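# Structure assessment
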Amino acid sequence: MLQSSESYDVVVAGGGNAALCAAITAARAGRRVVVVEAAPKFYRGGNTRHTRNVRCSQDGRAPTMTGTYSPEEFRDDLMRVTGGQTDEALARLTVERSRELPDWLHGQGIGFQPPLGGTLSLGSTNAFFLGGGRGALNALYRTAERLGVTMLYEAPVTALRIEHGTFVSATVTGKDGARDIRGKTLIAAAGGFEANLDWLKRYWGEAADNFLIRGTPYNRGDVLRMLLEKGVMAVGDPTQCHAVAIDARAPKFDGGIATRLDCIIFGIVVNKDAVRFYDEGEDLWPKRYAIWGRLVAQQPGQIAYSIIDAKSIHQFMPSIFPAVAAGSIRELAEKLGLDGAVLVRTVSDFNTAVCPGNFDYTQLDDCRTEGLPLPKTHWARTIDQPPFYGYPLRPGITFTYLGVKVDAEARMLLEGGRTSPNMFAAGEIMAGNVLGKGYLAGIGMTIGAVFGRIAGEGAAAHARH
Ligand SMILES: Cc1cc2nc3c(=O)[nH]c(=O)nc-3n(C[C@H](O)[C@H](O)[C@H](O)COP(=O)(O)OP(=O)(O)OC[C@H]3O[C@@H](n4cnc5c(N)ncnc54)[C@H](O)[C@@H]3O)c2cc1C
């Protein structure tokens, strides 16, 4: 039964970074704001809980960052990873306004810490949250609450009333039944559809059963689906997503950062036939790690194995699961369930092709193979020092890129090209405007914070009139 309706200036659907940046901005402009979050309080904040950093352009003044990162460099990086598949105006806006983020986020209570080292190489490009994503999120919630934002937990949006492209109300269905929340504006910040395996299966078929979802089980794409059904224009390729290779032993949902494996560049990666299938040394980690989920998804059985030796085992951040260890490649193959003869041949062909060079994983070094049909172009070192190690890999889906199309004011565009007067979007739900494909480490939070703020500004201004 529908309970009595409440009314706000701004209804924010979702409870992660994008939602909170939007809610805080609108509340600071004096508007009455409600945040409706599908998850219970402990699990609030979706994928934002799992994050560690945000990518920002900076001129050397950000206290915990090193060097500088100009808007031109940021833009070039984005163009390279997306292959130009981005809305250039929105990409420029993201990059330009990313400069404000360290100060602005700090102003909302978020602390920063010096960057992590290792394979990350993110000191000049990414600001790291003190206390990780959970710490950042708690700070945003505290600030929003202090500003008088109403928080509703276990309150998934289950229906949207939209008339001629204008938002009227959202139905949220909680433990006590359904309630109708009216609003002068809507900000959709309810994530992608990555946790909805049936939806993923439409594009990936049965292979999706072998995907692991790195983040929240609550991002099922319901708000996105309803908006698209109500005539909002879609953006992005539904098969495109941020997907990394993670430890195959990770849980189905919410395994988070501790299950990610950063060892790929240090050795070779083979599929279940024990053969290599991609250049493991193609580019620096922040620009290339996010292609590996997709690559593994395209392999038979959606499984692969990273093979390294004793030289490399301490050079990357380990997974929460120990590596499978063996005294010989043949024994390692047996333990991983691979054909021993084939893996021995793959490793020995690789070792023979390795050229001498100066190994340096912090840059594109000169260690490469020569003569292999599939080269390894950097960081190629022989795999010959026991013990040998293997990690099983599965596609770890982070977030999907199909979203709602927005303009530079974060306003949703409707089929036919008209702009919605009062519906805005921020974060994963519109990330596909900027990310046609590929990924740059930390840009998920950039898109959420930049467009969250823009959406909050726009919604506040609209609600005032
Ligand atoms: C393991 C992991 C590590 C990551 N690390 C980083 C990183 O270091 N830096 C970075 O930039 N990005 C990182 N990302 C990506 C980043 O998490 C996302 O880009 C970002 O958090 C998206 O913010 P958002 O607010 O759009 O979505 P989310 O933070 O996912 O929030 C979406 C919210 O919507 C809610 N919701 C869903 N459906 C409904 C509904 N029907 N009604 C109401 N609420 C609903 C969810 O409960 C959730 O609170 C990482 C992701 C994962 C999974």
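Given the structure is predicted, the values throughout are model-derived calculations rather than measurements.

### Description of unusual backbone geometry
- Looking along the chain, the bond that leaves Pro-386 and enters Pro-387 is cis, with omega of -5°.
- With respect to the helices and strands, Pro-387 occurs in the loop between α11 (340-353) and β16 (388-400).
- Backbone geometry at His-164 places phi at a positive 50°, although glycine is not the residue there.
- As for its position among the elements, His-164 is in the loop between β7 (157-163) and β8 (166-174).
- For His-164, a relative accessible area of 72% translates into the label exposed.
- Although it is not a glycine, Asp-254 sits at a positive phi angle of roughly 65°.
- Checked against the element boundaries, Asp-254 lands in the loop between β12 (241-247) and β13 (268-271).

### Some words on the site of the ligand
- Taken together, 37 residues surround the ligand, and among them Glu-37, Asn-47, Thr-48, Asn-53 and Met-445 come closest.
- The backbone of Gly-15 places a nitrogen or oxygen atom 3.3 Å from an oxygen atom of the ligand.
- Taking 1,000 Å² as the accessible area of the ligand by itself, protein coverage stands at 97%.
- Among the secondary structure elements, those contributing two or more residues to the shell around the ligand are α1 (17-28), β16 and α12 (443-464).
- Take the shell around the ligand: its biggest share by element is three residues, from α12.
- Residues that form the shell around the ligand fall into these classes: 14 nonpolar, 19 polar and four charged.

Criteria and cut-off values
Residues numbered from 1 in each chain as written. Predicted model: local features only at pLDDT ≥ 70, side-chain atom pairs only at ≥ 80, totals over all residues. Heavy atoms only, no water. Helix = DSSP H or I, 4+ residues; strand = E, 2+ residues; numbered from the N terminus. Buried < 20%, exposed > 50% of the residue type's maximum accessible area, 1.4 Å probe, protein only. Near = heavy atom within 4 Å. Polar contact = N/O pair within 3.5 Å; in protein donor to acceptor, adjacent residues only side chain to side chain. Areas by Shrake-Rupley, 256 points an atom, 1.4 Å probe, with all protein chains shown as cover. Nonpolar A, V, L, I, M, F, W, Y, C, P; charged D, E, K, R; others polar.

Geometric values such as these leave the question of function open.
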